[in-house]
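As a plain string of letters, each chain reads:
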Amino acid sequence: MAAALGSTTDKLSKLDINSDWASHAPNLQKNLSLLSTDQIDLGKMLLEMGQRHLFESWEEPGIDDEEKRGFFDQVARLNASYPGGLASYIKTARELLADSKAGKNPFDGFTPSVPTGEVLAYADDNFINFEKKGICEAQNAAFVLVAGGLGERLGYNGIKLALPSESTTGTCFLQHYIECILALEDASFKHVQGECKKQIPLVIMTSDDTHARTLELLEANTYFGMKPTQVHLLKQEKVACLDDNDARLAIDPHNKYRIQTKPHGHGDVHSLLYSSGLLNVWRDAGLRWVLFFQDTNGLLFKAIPASLGVSATKQYHVNSLAVPRKAKEAIGGITKLTHTDGRTMVINVEYNQLDPLLRATGYPDGDVNSETGYSPFPGNINQLILELCPYIDELKKTGGVIKEFVNPKYKDASKTTFKSSTRLECMMQDYPKTLPPSARVGFTVLDAWLAYAPVKNNPEDAAKVPKGNPYHSATSGEMAIYRANSFILRKAGVQISDPVREVFNGQEVEVWPRIAWKPKWASTFSEVKSKVHGNCSISQRSTMAVKGRNIILEDLSLDGAVDVESVDDAEVKVSGSVKNKGWILEKVDYADTSIPEDVRIRGFRINKIEQLERIYSQPGNFCLKP
């Protein structure tokens, strides 16, 4: 015991910690002998930052000693994972909480205007040219998937990436994304006719909640065809919660030796990429683009080739993908902001901030639709394309730190106490806030039916959405895939029957033919068109699953179900009149817990009654005709 006390005395003398400092937190003082020099240093920092309440309920030495050491292990992680450490976090929090209490407007001094961007019309010559350019550039791109969340908000207890994007093939979101990237690899190699096909890297940002399960999903499925070396997982840490306007760190209600933590937001992806060193590896390998996307938008990759083509043609440092947006619709607007001091930036402004900002700066009607029927401020869908070298240069200045915000829920108008703890947050799309005026920041607007159908609401919440607004549920997300594929085939000359309206889980949706294809069948409209020959037609009740690179639809009349799969070296022509009982959608009760969650949240399952089905596992030329 004497040796331990002597050791602690040495630690304290080296740190110049005297009894005056220790008296601020007597329960900590009593336990100093348990701690390492680094832990004592962290304790001193916490007290200097006004956090002595963290130790008020600590027990005497000899009781819960491992829990006390565990507390400082957690503090060390929180300190190391935040740029500038916990002291910087607390200082920033106090500034932002003071601004929040005072009602400070973050847009004071700024005037909004419509930024410069490209508006695309699917399948016209301009769109096709941008797609061709984007395919050429794809081999010079890296993809970053922000996937830190669970599916609990959807009524699904797995990770969202494991959720099927649609029921016809049962392909989960992660498999779909990887197959899309692999298809871009192949298409880009074919277009540029290079000597060696480049592997497109994929980074997945995970969290404590999703990291192990994401890795398990990849390993159990041999990375869905990617080489394991192509995929990098970067785990995001959480940040400390705040109890009051003084930024006192919140104690976990279930453990007095733990600080309560919550996610910091997807803006952390920039600092994680910077600290990982991957950006420099990519630059040295000749890559030019970094594409950021989120975890449950099954349509996104239909928009990627043309959007990447816009970035390359316009030489955008930042290209925000966007969709037409109705005035006051609950989606942020891409906006140019000009400050009275001359500063400018092009960023996302949340919908509930955009209208009052316009009214306060000379637009008495606020956010209103133009003659096009849409707001002139396009809707942000949180998908970004950044040019790599300017991105690295900017992160060298900022370390990847994104401007934060705080959103406390106050108990009353005095704004002195919170209903529950809050924390600092940051958003991926706020990256342009620190860019210089010389940065080329633009946007690409694509039809919503082509680019945006996120799955983020559970059935109960979706059913409460006002009529005419998007549900953003598993039901609507799947139906949007069938609608998009039907629209694309119509553009390619296929006669597609009109949809019928059905109600699933309280949501009225259009039910189009259930058409799904693997990304390697077609990454662009030109590829789709090259694989549709003659007069083809598909009835509304039909299902078509195309699972092969060289499958041709030729004079096909489909009224039922066809499911065809082939290896890459097989060419299959599907033709003639296919008529059978097909696959039907059967409604299921969301409250019926005997049904798997991923089915219940859709409100339907597929009953495969009868189909024309073939698998071609050998090379050659084949014809599938009834």
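In the block above lies the structure referred to throughout.
Because the structure is a prediction, the values reported are computed rather than measured.

Parameters and conventions
- Residues numbered from 1 in each chain as written.
- Predicted model: local features only at pLDDT ≥ 70, side-chain atom pairs only at ≥ 80, totals over all residues.
- Heavy atoms only, no water.
- Helix = DSSP H or I, 4+ residues; strand = E, 2+ residues; numbered from the N terminus.
- Rg over C-alpha atoms; globule rule 2.2 N^0.38 Å.
- Buried < 20%, exposed > 50% of the residue type's maximum accessible area, 1.4 Å probe, protein only.
- Contact = heavy atoms within 4.5 Å.
- Areas by Shrake-Rupley, 256 points an atom, 1.4 Å probe, with all protein chains shown as cover.
- Lys, Arg positive; Asp, Glu negative; His and termini not counted.
- Charge placed at Lys NZ, Arg CZ, Asp CG, Glu CD.
- Core = buried A, V, L, I, M, F, W, Y, C linked by side-chain atoms within 4.5 Å.
- Axes fitted to C-alpha atoms, helices over the stretch in contact; angles between N-to-C directions.
- Parallel < 35°, antiparallel > 145°, perpendicular 65-115°, else oblique.
- Left-handed = near helix turned anticlockwise from the far one by under 90°.
- Nonpolar A, V, L, I, M, F, W, Y, C, P; charged D, E, K, R; others polar.
- Expected span 1.5 Å × (residues − 1).
- Pairing = 2+ DSSP bridges.

## A few points about the overall build of the protein chain
Okay, so step 1: Across its full length, the protein chain holds 19 helices and 31 strands.
Okay, so step 2: The C-alpha radius of gyration of the protein chain comes to 28 Å, within 12% of the 25 Å expected for a compact globule of 626 residues.
Okay, so step 3: The C-alpha extent of the protein chain, read off along each of the three principal axes, is 90 × 60 × 55 Å.
Okay, so step 4: Evaluated residue by residue, the protein chain yields a buried proportion of 53% over its 626 residues.
Okay, so step 5: Looking at the protein chain alone, contacts between residues at least 24 apart form 70% of all its contacts between residues at least 6 apart.
Okay, so step 6: When the accessible area of the protein chain is evaluated, it comes to approximately 27000 Å², of which 48% is carbon and sulfur surface.
Okay, so step 7: Averaged over its 72 positive side-chain charges, the protein chain has a centre that lies 3 Å from the centre of its 78 negative ones.

## What about the nonpolar core?
Okay, so step 1: Ranked by internal contacts, the top residues of the largest apolar core, which has 106 residues, are Phe 143, Leu 174, Phe 301, Leu 489 and Met 544.
Okay, so step 2: Of all the elements, helix H8 (residues 173-192) adds the most residues to this core, at nine residues.
Okay, so step 3: With near-sequence residues (within four places) excluded, Met 544 lies in contact with Leu 489, Arg 514, Ile 515, Ala 516, Ile 538, Leu 553, Leu 556, Leu 558 and Val 562.

## Thoughts on the packing of H8 against helix H12 (residues 300-314)
Describing two packed helices takes the angle between their axes plus the distance from one axis to the other.
Okay, so step 1: Closest axis-to-axis distance for the H8/H12 pair is 10 Å, and the angle between their directions is 30°. Classified by the angle between their axes, H8 and H12 sit roughly parallel to one another. The way H8 lies across H12 gives a crossing that is right-handed. On H12, the residues that touch Tyr 177, Cys 180, Ile 181 and Leu 184 of H8 are Phe 301, Ile 304 and Pro 305.
Okay, so step 2: For the contact of H8 with H12, the per-class residue count stands at seven nonpolar, no polar and no charged.

## A word on helix H4 (residues 37-48)
Okay, so step 1: Across its 12 residues, H4 extends 17 Å between first and last C-alpha, which sits within 8% of the 16 Å expected from 1.5 Å per residue.
Okay, so step 2: Every buried residue of H4 is listed here: Gln 39, Ile 40, Leu 42, Gly 43, Met 45, Leu 46 and Leu 47.
Okay, so step 3: Among the residues trailing H4, Gly 50 stands out with phi positive, at a value near 75°.

## What about unusual backbone geometry?
Negative phi values dominate among residues other than glycine, just as trans dominates among peptide bonds.
Okay, so step 1: Positioned with a positive phi, Thr 222 is a non-glycine residue whose angle comes to about 45°.
Okay, so step 2: Its location among the elements puts Thr 222 in the loop between helix H9 (211-220) and strand E5 (231-235).
Okay, so step 3: With a relative accessible area of 60%, Thr 222 lands in the exposed category.
Okay, so step 4: Although it is not a glycine, Asn 505 sits at a positive phi angle of roughly 50°.
Okay, so step 5: Its place among the elements puts Asn 505 in the loop between strand E19 (500-504) and strand E20 (507-511).
Okay, so step 6: For Asn 505, a relative accessible area of 15% translates into the label buried.

## Some details on the sheet that holds strand E21 (residues 514-517)
In sheet architecture, strand pairing relies on hydrogen bonds along the backbone and comes in two forms, parallel and antiparallel.
Okay, so step 1: Within the open sheet, the four strands sit side by side as E21-E24-E26-E30. Their pairing is parallel. Bordering the open sheet on either side are E21 and strand E30 (612-616), each of which pairs with just one other strand. Going from strand to strand, the sheet's axes swing by 0° on average, the running direction of each strand aside.
Okay, so step 2: Where E21 lies against strand E24 (residues 543-547), four bridges are found, and the strand directions are parallel. Residue Ile 515 lies in a different strand from E24, and its bridge partner there is Met 544.
Okay, so step 3: Together, E21 and E24 form the strand contacts of helix H17 (residues 474-491), whose direction differs from that of E21 by roughly 80°.

Shape descriptors only; they carry no functional weight alone.
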